[in-house]
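Notes for the structure review
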Amino acid sequence: MRLAIFDELRFGIVSSDGTTITDVTDALASAHDPDPIGAGWWVRLCRDFAALRPRLEAAVKNGRPKPLSAVTLRAPALNPGKIVACASNYAAHVAEMAEVQKRVGSTGQQWLHEFDVFLKAPSSIVGPSDAVVLPPQPVAERKEIHHEGELTVVIGRGGADISAKDALAHILGYTIGLDMTVRGDGDRSRRKSYDTFTPIGPWIVTADEVGDPHALRITLSVDGEVRQDVDTATMTTKIPEIIAYASSVMRLYPGDVVMTGAPPGVAQVRDGNVIETTITRIGSMRTPVRAAR
Ligand code: MN
């Protein structure tokens, strides 16, 4: 099933061919609230999806599908408590970063090259219909701003100390995420948390429909030129271990977002570029890049 948020934060199911969407907001168990601050309905949906699923399926059957082109898709992540992101999770990306750090004059300390998790600000999330806006100060300082196209997990049932064996059962589904990053020294969370630095979308494909998350291909192009192209099988720390490790540090809540790390091929984006990110079995997201006005 493909779960989407659209227009005034309505909740919809996208058809399996990706051409139509059916509004199933009225089938939610709890009152819908279009105010993004009141995201409780979304958190409850993430937590209770398995129980709600038959109602949602019935609502799709009895509902009226609209062309997807008639709506505006929003990020399928509404005020998550946190974005957990993985560092150094593809060997070929770790290898390329030595060169990047030399070029941008970063001290490139050893701990930056080891797998770990860090946090991005949830306020950096934008949707699949939005642009990345280049922040004025790093641009004025001639910093490189890079794309990182990542397989992104949305947590269903939360928990602390989740075992790797149980981890996949805690996942609602998968989506596409961009972890936009200002290169250089300075706190990593700050460099990745500028407004618009986390485009997410176009929808969540539920875990049952994705199957093995390590049998996917991520492809990212900029203005039609392929820059990142990787099999998720080559991830160093696999998703069950990521969930186990992250939840041993911080309790995961329904709706939390987990970004699984940058594939090799990170590179600079500039005003006017268009980033196209595709993950097999999930879909594609087109993200324009523009300077701040
Ligand atoms: Mn990243």
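Below: a short report on this structure. (Residues numbered from 1 in each chain as written. Predicted model: local features only at pLDDT ≥ 70, side-chain atom pairs only at ≥ 80, totals over all residues. Heavy atoms only, no water.)

Regarding the environment of isoleucine 218
Keep this limit in mind: Numbering of helices and strands runs from the N terminus; a helix is a DSSP stretch of H or I covering at least four residues, while a strand is a stretch of E covering at least two. In what follows, a contact means two residues having at least one pair of non-hydrogen atoms within 4.5 Å.
Take isoleucine 218: it is sitting in strand E15 (residues 217–222). Setting aside chain neighbours within four positions, we find isoleucine 218 in contact with Tyr90, Gly149, Glu150, Leu151, Gln228, Asp229, Val230, Thr232, Pro263, Thr278 and Ile279.

Describing helix H6 (residues 239–249)
Selection rule: Each residue gets one of three labels from its accessible area relative to the maximum for its type: buried under 20%, exposed over 50%, partly exposed in between, using a 1.4 Å probe on protein chains only.
Residues of H6 that are buried: Ile239, Pro240, Ile242, Ile243, Ala244, Ala246 and Ser247. Elements that come into contact with the buried residues of H6 comprise strand E6 (83–87), strand E11 (149–155), strand E12 (171–178) and strand E17 (257–259).

Re the packing of aromatic side chains
Rules: Centres within 6.5 Å make a pair out of two Phe, Tyr or Trp rings, where for Trp the six-membered ring is used; the pair is then stacked when the planes are under 30 degrees apart, edge-to-face when over 60, and tilted otherwise.
With the rule as written, the count across this model stands at 5 aromatic pairs. Between tryptophan 41 and tryptophan 42 the ring centres are 6.0 Å apart and the planes differ by 75°, which places this aromatic pair in the edge-to-face class. The exposure class assigned to tryptophan 42 is buried, which follows from its relative accessible area of 1%. With a centroid separation of 5.3 Å and 55° between ring planes, the pair formed by tyrosine 194 and phenylalanine 197 is classed as tilted. Given the relative accessible area of 0%, phenylalanine 197 is considered buried. Each residue in the set Phe11, Trp41 and Trp42 is aromatic and connected to the rest through ring pairs, giving one cluster.

Describing unusual backbone geometry
For residues besides glycine, phi is generally negative; the peptide bonds are generally trans as well. Proline 202 follows glycine 201 through a cis peptide bond whose omega is 0°. Considering the arrangement of structural elements, one finds proline 202 in strand E14 (residues 198–206). Here aspartate 223, not a glycine, exhibits a phi torsion of approximately 50°, which is positive. Structurally, the position occupied by aspartate 223 is in the loop between E15 and strand E16 (225–231).

Here we look at the sheet that holds strand E19 (residues 283–291)
Selection rule: Pairs of strands are assigned from DSSP output, requiring at least two bridges between the strands. To define axes, lines are fitted to C-alpha atoms, for helices over the stretch in contact only, and angles between the resulting N-to-C directions are given on a 0 to 180 degree scale.
Taken in spatial order, the 5 strands of this open sheet run E9-E19-E18-E15-E16, and their pairing is mixed. The sheet is open, and its two borders are formed by strand E9 (132–134) and E16, each paired with just one other strand. Strand after strand, the sheet turns through a mean of 15° between neighbouring axes, direction not considered. Pairing of E9 with E19, which is carried by 3 bridges, proceeds in the parallel orientation. Residue pairing for E19: valine 132 is matched across the bridge by valine 289.

Considering the side chain of serine 193
Short version of the rule: Distance and chemistry together define a polar contact, namely a pair of N or O atoms within 3.5 Å, with one atom able to donate a hydrogen and the other to accept it when in protein, and with adjacent residues in sequence counting only for side-chain atoms on both sides.
Relative to the helices and strands, serine 193 resides in the loop between helix H4 (188–191) and E14. The class of serine 193 is buried, set by a relative accessible area of 17%. One polar contact links the side chain of serine 193 to the main-chain amide nitrogen of alanine 121, over a distance of 2.9 Å. Non-local contacts of serine 193, meaning those with residues more than four positions away in its chain, are made with Lys120, Ala121 and Ser124.

Focus on the coordination of the manganese ion
As a reminder, the rule being used: Only nitrogen, oxygen and sulfur atoms qualify as donors, and only when within 2.8 Å of the metal (3.2 Å in the case of Na, K and Ca); with water excluded, sites may look incomplete.
Within the protein, Glu148 (OE), Glu150 (OE) and Asp179 (OD) serve as the donor atoms for the manganese ion, at 2.0 to 2.1 Å. Judged by relative accessible area, aspartate 179 falls into the buried class, the value being 0%.

Observations concerning helix H1 (residues 40–62)
Put simply, the rule reads: Multiplying 1.5 Å by the helix residue count minus one yields the expected span of that helix. The angle separating two fitted axes, one through the seven residues that finish at a residue and one through the seven that start at it, defines the bend at that residue.
An ideal rise of 1.5 Å per residue puts 33 Å on 23 residues; H1 reaches only 26 Å between its terminal C-alpha atoms. Of all the bends in H1, the largest measures some 90° and sits at phenylalanine 49. Buried residues of H1: Trp41, Trp42, Leu45, Cys46, Phe49, Leu52, Leu56 and Ala59, and no others.

Regarding the nonpolar core
One broad rule of soluble globular proteins: the nonpolar side chains tend to lie buried together. The condition is simple: Within this scheme, the nonpolar core is defined by two criteria: the residues are buried Ala, Val, Leu, Ile, Met, Phe, Trp, Tyr or Cys, and they are joined through side-chain atoms within 4.5 Å.
With 48 residues, the main nonpolar core has Leu151, Ile239, Ile243 and Ile282 as its most contacted residues. Of all hydrophobic cores here, the second largest spans 22 residues; its members include Ala39, Leu45, Val154 and Leu172.

Topic: the pattern of salt bridges
In plain terms, the rule: We define a salt bridge as a side-chain nitrogen of Lys or Arg found within 4 Å of a carboxyl oxygen belonging to Asp or Glu.
Under the counting rule described, the total for this entry stands at 14 salt bridges. A salt bridge links glutamate 57 to arginine 53, with the shortest nitrogen-to-oxygen separation between them at 3.2 Å. Placement of both glutamate 57 and arginine 53 in helix H1 is noted, with a separation of 4 residues, approximately one turn of the helix. Measuring nitrogen to oxygen at the nearest pair gives 3.1 Å for the salt bridge that ties aspartate 208 to arginine 53. Residue aspartate 208 is found in helix H5 (residues 207–210), and its partner arginine 53 is found in helix H1; the two are separated by 155 residues along the sequence. Within the structure, one salt-bridge network assembled from shared partners comprises Lys120, Glu148, Asp179, Arg183 and Lys192.

Some words on the pairing of E14
The element E14 is extensively covered by neighbouring structure, given that 9 of its 9 residues are classed as buried. As paired strands, strand E1 (residues 2–6) and E14 are joined by 2 bridges and run antiparallel to one another. Each bridged residue has a counterpart across the sheet, and for arginine 2 the counterpart in E14 is valine 205. Here strand E8 (residues 125–126) pairs with E14 via 2 bridges, running parallel. Across the sheet, isoleucine 125 pairs through a bridge with threonine 198, a residue of E14. Bridge count for E12 against E14 is 4 bridges, and the pairing is antiparallel.

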